[in-house]
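Fold and contact review
The lines below spell out each chain.
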Amino acid sequence: MKILVLLQFPQQLEQFKCFLRKLDDVEITVITDTRPAYSNMDRWYREGAWKNKIRILNSPVFPHPWYYVLGRNIDDARFFYWKLKTQSEYYKKRATAPWPAFLPLAWLKKFYKPHKAIRQDFAKLNPDLVITSSLAFRPLHVDQDFALEAKRRGVPVWSFINNWDALTTKAAMYPMPDRVFCWNVFQENELIKYHGVAPEKIMKVGAFSFERWLEPRRATPRREFCKKWGLDEMRPIITYLSSSNSIAGDEIDGVTQFAGYATGRREQVVVRAHPDKADKLAQIKGVTCIPKAGENPTDEEATQLAWDTYYHSKEIYGINTSAMIDAMLVGRPVFGININRVEVTTKCLHYQQLEPYLDGEGYKVIRKWLGIGDRLPSDLIAEAIKCYNK
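Residues numbered from 1 in each chain as written. Predicted model: local features only at pLDDT ≥ 70, side-chain atom pairs only at ≥ 80, totals over all residues. Heavy atoms only, no water.

This part is about the overall build of the chain. For the chain, the helix and strand inventory stands at 17 helices and 12 strands. Sequence separation of at least 24 residues holds for 72% of the intrachain contacts in the chain that already meet a minimum separation of 6. When the accessible surface of the chain is split by element, carbon and sulfur atoms take 52% of a total near 17200 Å². (Helix = DSSP H or I, 4+ residues; strand = E, 2+ residues; numbered from the N terminus. Contact = heavy atoms within 4.5 Å. Areas by Shrake-Rupley, 256 points an atom, 1.4 Å probe, with all protein chains shown as cover.)

Okay, structure coming up:
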């Protein structure tokens with residue numbers, strides 16, 4: 001059996017490998033169109049080739065610009081203003097800014113055909129099954145073109161929802177997958193209500209993309225961890241989880257206030273900084289950025305560092321970031337902070353689902369919200385793929 005895996009970002013491979021590595025007698029090809037970011041590239045390529053199970057290719061081309069302008073963006077406007085009426089204005093404006101005026105041109109999309117190079121590559125690969133992420137991103141990435149070609153050739157396309165906000169903050173799913181694997185009943189309802197996916201095409205398996213946080217790990221001894229990062233092992237550590245610029249701005253004022261509050265309680269402040277703002281946050285008095293340049297936990301080494309940071313923290317705070325889920329799975333109290341950012345917190349659809357768990361007690365029951373039961377999501381997914389192969 002030959003499987004083609006389409007990634008928007010190379011870092012997504014870390015989320016997908018939990019079930020890909022459980023597939024035997026399968027030829028796996030991964031296609032991505034961007035270079036690894038926010039991490040060491042050599043490290044990513046080394047870990048990406050586990051057991052020589054996969055080969056990694058770069059896309060030959062990007063989607064045609066006119067399709068992006070006249071097709072997908074128009075669909076985005078229609079999706080947010082006609083279907084996601086209760087979504088916060090922030091996400092509506094971010095997704096649709098100038099496009100509502102072009103709504104009458106949406107019909108042009110039906111004439112779109114993937115680039116000749118993509119059609120040729122797909123024919124050479126000749127997969128039996130195509131695996132994608134949400135297909136709910138704008139076509140800045142080539143996964144949609146390959147998925148369109150798969151649909152044109154009658155090859156099944158299976159979509160895997162790998163993050164908590166994909167269905168309500170990006171775009172409408174396109175093309176429509178033949179099967180969708182989601183986390184929980186919340187995502188199932190979003191797929192049906194907002195994306196028009198038939199209920200019989202949906203399979204709830206749990207949050208496979210967070211499964212790596214459930215793996216048994218040995219924490220770096222506290223003395224060793226604190227010595228490496230210049231911390232006092234005898235004083236409590238509280239960690240602040242930075243969000244992206246688009247969500248929370250530069251966060252300088254908020255982190256400064258947070259550090260002042262913690263210092264008054266004789267607590268040490270660690271910041272897990274988003275890579276695009278680590279330099280500025282590291283300059284705030286009383287703050288230790290771990291790591292100093294910021295990092296997304298997209299490989300084993302980075303994941304271990306994040307795990308150690310959470311493990312040695314007394315409490316963890318954040319505005320709106322999936323790292324809050326990571327920290328709860330490590331077993332630490334996590335609290336949500338709302339510093340005049342209601343458009344990306346309490347008014348935001350995906351945040352409303354997580355908000356009840358951001359009271360310091362959520363780590364006790366977070367697995368239930370993630371849809372993770374007695375069987376791991378990767379086992380359920382691998383079983384479904386093997387059944388299809390038969």
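What follows picks up the thread again.
What follows concerns helix H1 (residues 13–20). The element H1 is extensively covered by neighbouring structure, given that 8 of its 8 residues are classed as buried. What H1 keeps buried is the set Leu13, Glu14, Gln15, Phe16, Lys17, Cys18, Phe19 and Leu20. (Buried < 20%, exposed > 50% of the residue type's maximum accessible area, 1.4 Å probe, protein only.)

Let us now look at the sheet that holds strand E10 (residues 287–289). Within the open sheet, the 5 strands sit side by side as E10-E9-E8-E11-E12. Their pairing is parallel. Edge strands, defined here as strands with exactly one partner in the open sheet, are E10 and strand E12 (334–336). Taking each pair of neighbouring strands and ignoring which way they run, the sheet shows an average axis angle of 30°. Two strands pair when backbone bridges link them, and strand E8 (residues 237–241) and strand E11 (residues 315–318) are joined in this way by 4 bridges, in the parallel orientation. The residue of E11 that forms the bridge with Leu241 is Gly318. (Pairing = 2+ DSSP bridges. Axes fitted to C-alpha atoms, helices over the stretch in contact; angles between N-to-C directions.)

So, on to the packing of helix H13 (residues 300–311) against helix H14 (residues 323–330). Where H13 contacts H14, the two axes come as close as 9 Å, and the packing angle between them is 65°. For the element pair H13 / H14, the angle class is roughly perpendicular. Between H13 and H14 the crossing geometry is right-handed. Between H13 and H14, the contacting residues are Trp307, Tyr310 and Tyr311 on the first element and Ala323, Asp326, Ala327 and Val330 on the second. Among the residues forming the contact of H13 with H14, the class breakdown is 6 nonpolar, no polar and 1 charged. (Parallel < 35°, antiparallel > 145°, perpendicular 65-115°, else oblique. Left-handed = near helix turned anticlockwise from the far one by under 90°. Nonpolar A, V, L, I, M, F, W, Y, C, P; charged D, E, K, R; others polar.)

For the rest of this paragraph, the subject is the nonpolar core. Tyr310, Leu354, Trp369 and Leu370 are the most contacted members of the largest nonpolar core, which totals 28 residues. Broken down by secondary-structure element, the contributors of at least two residues to this core are H13, H14, helix H15 (349–354) and helix H16 (366–369). Sort the elements by how many residues they give to this core and H14 lands first, with 7 residues. Ignoring anything within four residues of it in the chain, the contact list for Trp369 reads Trp164, Trp183, Asn184, Phe186, Ile325, Gln353, Leu354 and Tyr357. (Core = buried A, V, L, I, M, F, W, Y, C linked by side-chain atoms within 4.5 Å.)

On to the pattern of salt bridges, then. Under the criterion given, the structure shown has 15 salt bridges. Glu361 serves as the salt-bridge partner of Lys364, at 2.5 Å between the closest nitrogen and oxygen. The network of salt bridges with common partners includes Arg265, Glu267, Lys314 and Glu315. (Salt bridge = Lys/Arg side-chain N within 4 Å of Asp/Glu carboxyl O.)

This next bit is on the pairing of strand E4 (residues 129–132). Looking along a regular strand, one sees side chains alternate from face to face of the sheet. In E4, alternate side chains face the same way, and those of Leu129 and Ile131 on one face and Val130 and Thr132 on the other are all buried. Direction of pairing for E4 relative to strand E5 (residues 157–160): parallel, over a ladder of 3 bridges. Bridged to Ile131 within E5 is Trp158.

Function-wise, these values are silent; they only describe arrangement.
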